[in-house]
Amino acid sequence: MTKICICGGGNLGHVCAGFLSAQSDVEVKLLTTHPDSWSSTIIVDDPDGKAYHGHLSCISSVPAEVLLGVDIVLLCLPGYAIHPTLQKIAPYISDSVWVGSVVSSTGFFFEAMKILPKNPLFGFQRVPFISRITEYGRRAVLKGYKKSLSVAIEQTDDEQHICDTLQELFDVPIVLMDSYYEVSLSNSNPLLHPARLYTMWKDWHPGVVYEKNPFFYSDWTLEASELLIKMDYEFQALLRALNIREDAIPTILDYYECSNPKSLAQKFHDIPAFKGILSPMIQTSNGFFPDFHSRYFTEDFPYGMRYIVETAAKVQAPIPTIDRVYQWGCSCLSD
């Protein structure tokens, strides 16, 4: 029996909790700030009509109650919650407990290696699933599976055992990366979301409202594709400066199997899991304006792009386009 504690009750927390606890040889506990809003039964629906019926053995906001005897701690958290959560759980886990994150591009390894210097650490390069909550604490939708998952593992000599265990738990091929940089620095959300946000609202100022809220992906523009590809070019140059092996992090065009900005925009229009996702906007009686408090801003700039910018500064790698978009995003957050 593998005992897992999931930290976080967002979209990914729901889907991971239901997907993993539906397995007969897995026990799942949940650390959440809203334990009273959860049912012990969690259902996850997938796009093929399959429903995973999971059961949570313990749901609590108290670390001591959910961490006793666990083998694995899995963080399903936004960037701002990683550091305080690691500090909160550290006193209650032994050095043998594996601690990981469903996505590593929001600073997981940078924080965990300081707070938990002896625990085996693992982190995914990209999220295991596209996830959305249907009914909080009770039901969620797994909107899309991945063909494989890339994972970095640090602070252990038993990488293969951890890799094999994750492959069994998530029922998908796992690719073991050479360095935590390969999962911590990402051209996924930390570049993808800001490219779209910048091209939509770089000229926005207080008082400007819009007639409608566009779909974030289904209305993706050629300009956003061009900017994303330009930022990715700088990102790939940074990887070379860090001596990260070629193709460890595929280019945006390679990852989405596209050849140019136009085909990339069309790809985003066509991905089923992306359909119906609106842009982060607030509706008023006069129209819509950007929601600078949404996770697209509060996550992807200070806990995504930030690590790219800081790493580039350390090795003196030029990233002028990324830096321009980053400074714009930070200015939105400070307004």
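Structure: see above.
Being a predicted model, the structure only gives us computed values, none of them experimental.

A. View of the sheet that holds strand 9 (residues 139-144). Overall, mixed pairing links the 11 strands, which are arranged 8-9-3-4-2-1-5-6-7-10-11 in an open sheet. Only two strands of the sheet have a single partner each, and these edge strands are strand 8 (130-135) and strand 11 (174-176). Each neighbouring strand pair of the sheet contributes to a mean axis angle of 30°, computed without reference to strand direction. Where strand 1 (residues 2-7) meets strand 5 (residues 72-75), four bridges bridge the pair, whose relative direction is parallel. Bridged to Cys5 within strand 5 is Val73. Against the sheet, helix 3 (residues 79-89) contacts strand 1, strand 2 (26-31), strand 5 and strand 6 (98-101), and its axis sits at roughly 160° relative to strand 5.

B. How the structure looks around the packing of helix 12 (residues 301-315) against helix 13 (residues 320-334). Look at helix 12 against helix 13: their axes get within 10 Å of each other, and the N-to-C directions meet at 150°. Here helix 13 runs roughly antiparallel to helix 12, going by the angle between their axes. You can see that helix 12 and helix 13 cross each other, and the crossing is left-handed. In this structure, helix 12 contributes Phe301, Pro302, Met305, Arg306, Ile308 and Val309 to the contact, and helix 13 contributes Ile322, Asp323, Val325, Tyr326, Trp328, Gly329 and Leu333. In terms of residue class, the contact of helix 12 with helix 13 is made up of 10 nonpolar, one polar and two charged.

C. Broad picture of the pattern of salt bridges. Within this structure, the stated rule accounts for six salt bridges. A salt bridge links Arg245 to Asp178; the nearest nitrogen and oxygen atoms lie 2.9 Å apart. With Arg245 in the loop between helix 8 (222-241) and helix 9 (252-255) and Asp178 in the loop between strand 11 and helix 6 (181-184), the pair connects residues that are 67 residues apart, well separated along the chain. Accessibility expressed as a relative area gives 35% for Arg245, which makes it partly exposed. A relative accessible area of 57% means that Asp178 is categorised as exposed. One continuous salt-bridge network, built from bridges that share partners, spans Asp178, Glu182 and Arg245.

D. Molecular detail of the nonpolar core. Counting residues in hydrophobic clusters, the biggest one holds 79 residues, and the most contacted among them are Val73 and Phe268. Beyond its immediate stretch of four places on either side in the chain, Val73 contacts Cys5, Cys7, Leu67, Ile89, Ile93, Val97, Trp98, Val99, Gly100 and Phe122.

E. Focus on the environment of Ile229. Relative to the helices and strands, Ile229 is located in helix 8. Judged by relative accessible area, Ile229 falls into the partly exposed class, the value being 21%. Residues Ile229 and Tyr256, spaced 27 residues apart in sequence, show a C-alpha to C-alpha distance of 12 Å. Beyond its immediate chain neighbours, meaning those up to four positions away, Ile229 contacts Leu253, Asn260, Pro261 and Leu264.

F. Structural context of empty space enclosed by the protein. Counting across every chain of the model gives one cavity of 30 Å³ or more. Put simply, the largest cavity is a space of about 50 Å³. Around the largest cavity sit Ile4, Leu20, Ile72, Leu74, Phe122, Leu166, Leu169 and Phe170, which together line it. Elements with a minimum of two residues in the lining of the largest cavity: strand 5 and helix 5 (159-170). Counting residues per element, the lining of the largest cavity draws most heavily on helix 5, which supplies three residues. Among the residues forming the lining of the largest cavity, the class breakdown is eight nonpolar, no polar and no charged.

G. Inspection of the pairing of strand 13 (residues 287-290) at higher detail. Where strand 12 (residues 281-284) lies against strand 13, four bridges are found, and the strand directions are antiparallel. Bridging across to strand 13, Gln283 finds its partner in Phe288.

H. Here's a closer look at the pairing of strand 6. Going residue by residue along strand 6, you find Trp98 and Gly100 tucked away on one face and Val99 and Ser101 tucked away on the opposite face as well. Sheet topology note: the strand 5/strand 6 ladder contains four bridges and is parallel. By the bridge assignment, Val73 is partnered in strand 6 with Val99. Regarding the hand of the β-α-β motif, the stretch spanning strand 5, helix 3 and strand 6 is right-handed. In this sheet, strand 7 (residues 121-124) lies alongside strand 6 in parallel orientation, the contact comprising three bridges. Within strand 7, the residue paired with Ser101 across the bridge is Gly123. Once the chain exits strand 6 it traverses helix 4 (residues 108-115) before rejoining the sheet at strand 7, and the crossover so formed is right-handed.

Conventions used here
- Residues numbered from 1 in each chain as written.
- Predicted model: local features only at pLDDT ≥ 70, side-chain atom pairs only at ≥ 80, totals over all residues.
- Heavy atoms only, no water.
- Pairing = 2+ DSSP bridges.
- Helix = DSSP H or I, 4+ residues; strand = E, 2+ residues; numbered from the N terminus.
- Axes fitted to C-alpha atoms, helices over the stretch in contact; angles between N-to-C directions.
- Contact = heavy atoms within 4.5 Å.
- Parallel < 35°, antiparallel > 145°, perpendicular 65-115°, else oblique.
- Left-handed = near helix turned anticlockwise from the far one by under 90°.
- Nonpolar A, V, L, I, M, F, W, Y, C, P; charged D, E, K, R; others polar.
- Salt bridge = Lys/Arg side-chain N within 4 Å of Asp/Glu carboxyl O.
- Buried < 20%, exposed > 50% of the residue type's maximum accessible area, 1.4 Å probe, protein only.
- Core = buried A, V, L, I, M, F, W, Y, C linked by side-chain atoms within 4.5 Å.
- 1 Å grid on protein atoms, 1.4 Å probe; cavity = no way out; pocket = protein on both sides within 12 Å on 5 of 7 lines; lining within 4 Å.
- Points joined across faces, edges and corners; volume = space filled by probe spheres on them.
- Right-handed = clockwise from strand over helix to strand, strands pointing away.

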